[in-house]
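Summary of structural features
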Protein chains: 2
Amino acid sequence: MLTAIALYKRIGILAKVNAQNPEITDRFIELHQVCRNILSSVNRVPLLSLIPEKRYFVFQNEKKNSRAINLDLFLEDISAVENTIKHLINNELGSTSPEEITKALYTMAISFCAVIDLGKSGDQKTPGTFFEYFASHWFAQTLLVQPQKSIRVLNLDRDASLPTDYIFDLGDNRPKIHLPVKTSTRERVIQVWAHQRVLDGVYGTGRFLGMLVCLSETKTDQKKLEVTDICLPEQWRAYQLFIAQLYRVYYLDAPSKYLALNNVFPPINVKTLGEFFYEVHSLFRNA
Amino acid sequence: MLTAIALYKRIGILAKVNAQNPEITDRFIELHQVCRNILSSVNRVPLLSLIPEKRYFVFQNEKKNSRAINLDLFLEDISAVENTIKHLINNELGSTSPEEITKALYTMAISFCAVIDLGKSGDQKTPGTFFEYFASHWFAQTLLVQPQKSIRVLNLDRDASLPTDYIFDLGDNRPKIHLPVKTSTRERVIQVWAHQRVLDGVYGTGRFLGMLVCLSETKTDQKKLEVTDICLPEQWRAYQLFIAQLYRVYYLDAPSKYLALNNVFPPINVKTLGEFFYEVHSLFRNA
């Protein structure tokens with residue numbers, strides 16, 4: 001059986017060639033099994049949650065704690081996760097629900113992150129890169145498009161290539177998707193709106209739909225065993241008003257302070273990631 | 001004699017109350033003496049420079065290397081640094097030059113950073129915060145204005161306060177200065193243009209002059225003892241064209257690839273920090 005890191009690296013290699021490759025789905029399922037096997041042998045410690053109506057715990061080994069895990073989103077039953085993923089990839093959306101898809105994807109993503117958190121290296125890059133592979137796979141698999149990671153910027157004198165987050169080109173007369181993927185955003189999130197602004201400027205407003213995908217915004221105090229979430233909704237409003245418009249923000253563990261931005265005017269559309277799969281075809285029909 | 005960290009903390013406390021306080025200048029001079037005393041007892045090792053026409057070395061103790069130091073900007077003679085600073089604070093610009101001021105400020109800033117680099121903690125935040133205190137002091141002392149670190153964003157419903165980089169309000173009928181300060185920029189620099197965009201959007205284009213202050217862009221391979229610089233001039237051009245306009249970028253160790261942006265059209269005005277003190281009064285006269 002391959003280790004978690006070996007599977008993660010294998011997925012990275014496969015995704016570069018063809019992010020829709022069904023083997024990637026299989027490898028994510030296998031990776032989840034490996035991670036859950038590791039996590040089954042370590043302790044769980046409940047956190048004091050400062051986030052209203054949400055409960056969290058951490059996995060704990062001899063030396064380290066994992067990041068906070070949302071108790072109500074984490075599926076204990078591995079086969080429940082796998083059944084939901086099967087419905088998702090077979091496009092049997094009537095047999096599952098946005099909530100079940102969100103929970104299944106959350107459980108898979110947070111399990112890998114927790115395994116890395118418990119490792120020796122203090123590695124912060126691997127969970128971020130993993131989550132990029134993970135989120136982009138479900139988008140590629142749903143949209144049937146291979147994402148790209150740079151675009152041409154037309155200058156009058158000469159062309160330049162600008163590195164970007166994932167871009168999904170849906171073809172002529174349809175919008176393109178600009179898909180930044182972050183495990184959490186904090187103060188770095190202004191980059192997302194700035195990249196959207198560049199795309200709007202280069203190609204014209206409305207050509208790229210900005211869809212930010214995030215895992216969660218929790219912050220854990222490992223000494224006090226407390227968890228809170230870091231949210232900056234007023235800053236998001238300023239960015240949405242003054243830099244560019246993001247079309248959607250999808251979360252696996254959506255903070256209520258950001259969900260509340262659906263109800264301000266002008267709204268920012270923040271949803272759980274599971275909802276994407278139910279709205280995707282209406283989003284791009286003649287958009 | 002206070003330690004380097006104690007002096008740094010003292011400067012932080014003083015700057016919050018009054019960034020023009022002459023005691024801050026004295027403390028920076030004292031801090032430089034302390035740092036040079038520490039650095040005089042450690043080895044210097046030359047680096048293989050991959051940057052054309054620039055020579056670098058590192059300070060090295062038993063366990064660690066400092067960041068790269070530009071040999072031609074680093075003033076061996078502490079009294080030369082202090083004389084230049086005296087001319088600067090007494091507004092005797094005829095007795096010194098932009099080059100001498102740049103060298104003096106570079107020597108002071110890089111010496112403190114090197115001392116922190118050689119310390120046990122692997123602390124990356126202290127050099128960044130130090131450099132914010134350092135750069136903003138000379139601006140406050142020159143402009144005779146106390147900087148602020150947030151601005152009001154007018155929404156129609158209610159006001160919000162947005163955290164910002166340093167803002168210098170020069171008063172009615174004059175521009176305000178938006179002064180981001182970074183030891184190096186890399187891919188995070190897009191934040192600077194994005195913040196400028198928010199200010200332009202909230203207050204109107206031209207109200208805030210964006211002036212980015214940077215130390216250097218070197219990257220050292222500590223195993224190979226090689227130094228290079230990480231520059232993304234094509235991305236800067238895209239940001240300047242499509243996000244917002246920065247009015248100036250000042251460097252202590254200016255990369256030639258960014259200086260070359262003065263010669264493209266439309267240009268980005270990249271200069272050495274010493275030049276600021278000679279152009280400051282023409283910049284804001286009836287601007």
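Some points on the overall build of chain A
- Of regular secondary structure, chain A possesses nine helices and 13 strands.
- Taking 19 Å as the expected radius of gyration for a compact globule of 287 residues, we find that chain A reaches 19 Å, a close match to that expectation.
- Projected onto its principal axes, the C-alpha coordinates of chain A cover approximately 60 × 40 × 40 Å.
- For chain A, buried positions account for 43% of its 287 residues.
- Here the contacts in chain A between residues at least 6 apart in sequence split such that 61% fall between residues at least 24 apart.

Considering the nonpolar core
- Of all hydrophobic cores here, the largest spans 167 residues; its most connected members are Ala-109 of chain A together with Ala-109 of chain B.
- Per element, the largest residue contribution to this core is 13 residues, and it comes from helix H4 (residues 98–118) of chain A.

Comments concerning the domain arrangement of chain A
All names here are of chain A.
- Per the domain assignment, the segments making up chain A are domain 1 (4–142) and domain 2 (145–284).
- The partner domain 2 presents 27 residues to the 35 residues of domain 1 that form the contact.
- Broken down by secondary-structure element, the contributors of at least two residues to the side of domain 1 that touches domain 2 are strand E2 (48–49), strand E3 (56–60), H4 and helix H5 (125–143).
- Sort the elements by how many residues they give to the side of domain 1 that touches domain 2 and H5 lands first, with nine residues.
- Across the side of domain 1 that touches domain 2, the residue classes tally to 23 nonpolar, nine polar and three charged.

What about the pairing of strand E10 (residues 218–221) of chain A?
Residues and elements named next belong to chain A.
- Sheet analysis places E10 next to strand E11 (residues 226–229), joined by four bridges and oriented antiparallel. Residue Lys-219 lies in a different strand from E11, and its bridge partner there is Thr-228.
- Two successive antiparallel strands, E10 and E11, enclose a turn made up of four residues, where Leu-225 displays a positive phi of approximately 55°.

Here we look at the packing of helix H2 (residues 22–39) of chain B against helix H3 (residues 78–89) of chain B
All names here are of chain B.
- At a closest axis distance of 11 Å, the pairing of H2 and H3 adopts a crossing angle of 170°. Classified by the angle between their axes, H2 and H3 sit roughly antiparallel to one another. Residues Thr-25, Ile-29, His-32, Gln-33 and Arg-36 of H2 touch H3, and the partners they reach there are Ile-78, Val-81, Glu-82, Ile-85 and Ile-89.
- Its residues assigned to classes, the contact of H2 with H3 comprises five nonpolar, three polar and two charged.

Some points on the sheet that holds strand E3 (residues 56–60) of chain B
- Judged by pairing direction, the sheet is antiparallel, and its three strands sit side by side in the order E1-E3-E4 (chain B) without closing on themselves. Bordering the open sheet on either side are strand E1 (43–46) and strand E4 (69–70) of chain B, each of which pairs with just one other strand.

With respect to the sheet that holds E2 of chain A
Residues and elements named next belong to chain A.
- Taken in spatial order, the three strands make up an open sheet running E2-E11-E10, and their pairing is mixed. Edge positions in the sheet fall to E2 and E10, since each has one partner strand and no second.
- Bridge count between E2 and E11: two bridges; the pairing is parallel. Each residue of the ladder has a partner; that of Ser-49, found in E11, is Val-227.

A closer look at the interface of chain B and chain A
- In this complex, chain B contributes 18 residues to the contact, which on the side of chain A involves 18 residues.
- Looking at the side of chain B that touches chain A, the elements that each hand over two or more residues are strand E6 (159–169), helix H6 (190–203) and helix H7 (233–242) of chain B.
- For the side of chain B that touches chain A, the leading source of residues is H6 of chain B, giving eight residues.
- Taken together, the residues of the side of chain B that touches chain A sort by class into 13 nonpolar, three polar and two charged.

Details of the relation of the copies chain B and chain A
- Least-squares fitting of chain B to chain A yields an RMSD of 0.0 Å, with the superposition described by an axial translation of 0.0 Å and a rotation of 180°. What we have between these two chains is a two-fold relation.
- A high fraction, 100%, of the interface residues of chain B reappear at the interface in chain A, so the copies pair face to face through one surface.

Here we look at helix H1 (residues 4–17) of chain A
All names here are of chain A.
- The terminal C-alpha atoms of H1 lie 21 Å apart, and with 14 residues this matches the ideal 20 Å at 1.5 Å per residue to within 8%.
- When we look at burial in H1, the residues that qualify are Ala-4, Leu-7, Tyr-8, Ile-11 and Ala-15. For H1, the angular spread of buried residues about the axis comes to 100°, placing them on one side. Those residues of H1 that are exposed and angled more than 90 degrees off the buried face are Ala-6, Ile-13, Lys-16 and Val-17.
- Buried-residue contacts for H1 involve helix H2 (22–39), H4 and H5.

Quick look at the pairing of strand E9 (residues 208–214) of chain B
Residue and element names in this part refer to chain B.
- Counting buried positions along E9 gives seven out of seven residues, so the element sits mostly inside the fold.
- Every second residue of E9 is oriented toward a common face, with Phe-208, Gly-210, Leu-212 and Cys-214 on one face and Leu-209, Met-211 and Val-213 on the other, all of them buried.
- Here strand E7 (residues 176–179) runs beside E9; their pairing, made up of three bridges, is parallel. Residue pairing in the sheet places His-178 in a bridge with Gly-210 of E9.
- Where strand E8 (residues 181–182) and E9 come together, two bridges link them in parallel fashion. Bridge pairing links Lys-182 to Cys-214 in E9.

Some words on the packing of helix H6 (residues 190–203) of chain A against H6 of chain B
- Where H6 of chain A contacts H6 of chain B, the two axes come as close as 9 Å, and the packing angle between them is 75°. In terms of orientation, H6 of chain A lies roughly perpendicular with respect to H6 of chain B. Where H6 of chain A abuts H6 of chain B, its residues Ile-190, Gln-191, Trp-193, Ala-194 and Arg-197 of chain A lie against Ile-190, Gln-191, Trp-193, Ala-194 and Arg-197 of chain B.
- Class assignment for the residues of the contact of H6 of chain A with H6 of chain B results in six nonpolar, two polar and two charged.

Section: the environment of Arg-152 of chain A
- Along the polypeptide, Arg-152 of chain A turns up in strand E5 (residues 148–154).
- C-alpha separation for the pair Arg-152 of chain A and Lys-63 of chain A, spaced 89 residues apart in sequence, amounts to 47 Å.

With respect to H3 of chain B
Residues and elements named next belong to chain B.
- Helix length check: H3, at twelve residues, gives a terminal C-alpha distance of 17 Å against a target of 16 Å (1.5 Å per residue), a fit within 8%.
- Here H3 has its buried residues at Val-81, Thr-84, Ile-85 and Leu-88. Angular distribution of buried residues about the axis of H3 spans 100°; they occupy a single face of the element.
- Asn-91 lies just past H3 and shows a positive phi near 60°.

A short note on unusual backbone geometry
Residue and element names in this part refer to chain A.
- In this chain, Phe-265 is followed by Pro-266 through a cis amide linkage whose omega measures -10°.
- By the secondary structure assignment, Pro-266 is in the loop between helix H8 (256–259) and strand E13 (270–272).
- One non-glycine residue, Asn-91, lies in the positive phi region at around 60°.
- Turning to its location among the elements, Asn-91 is positioned in the loop between helix H3 (78–89) and H4.
- When the 10 C-beta atoms within 10 Å are taken as the criterion, Asn-91 is described as exposed.
- Residue Leu-225 is not a glycine yet carries a positive backbone phi of 55°.

Calculation criteria
Residues numbered from 1 in each chain as written. Chains lettered and ligands numbered in written order. Predicted model: local features only at pLDDT ≥ 70, side-chain atom pairs only at ≥ 80, totals over all residues. Helix = DSSP H or I, 4+ residues; strand = E, 2+ residues; numbered from the N terminus. Rg over C-alpha atoms; globule rule 2.2 N^0.38 Å. Buried ≥ 20, exposed ≤ 12 C-beta atoms within 10 Å, placed from the backbone. Contact = placed C-beta atoms within 7 Å. Core = buried A, V, L, I, M, F, W, Y, C linked by C-beta atoms within 7 Å. Domains from an automatic or database assignment. Nonpolar A, V, L, I, M, F, W, Y, C, P; charged D, E, K, R; others polar. Pairing = 2+ DSSP bridges. Axes fitted to C-alpha atoms, helices over the stretch in contact; angles between N-to-C directions. Parallel < 35°, antiparallel > 145°, perpendicular 65-115°, else oblique. Least-squares fit on C-alpha atoms with pLDDT ≥ 70 in both. Expected span 1.5 Å × (residues − 1). Arc of directions from axis to C-beta.

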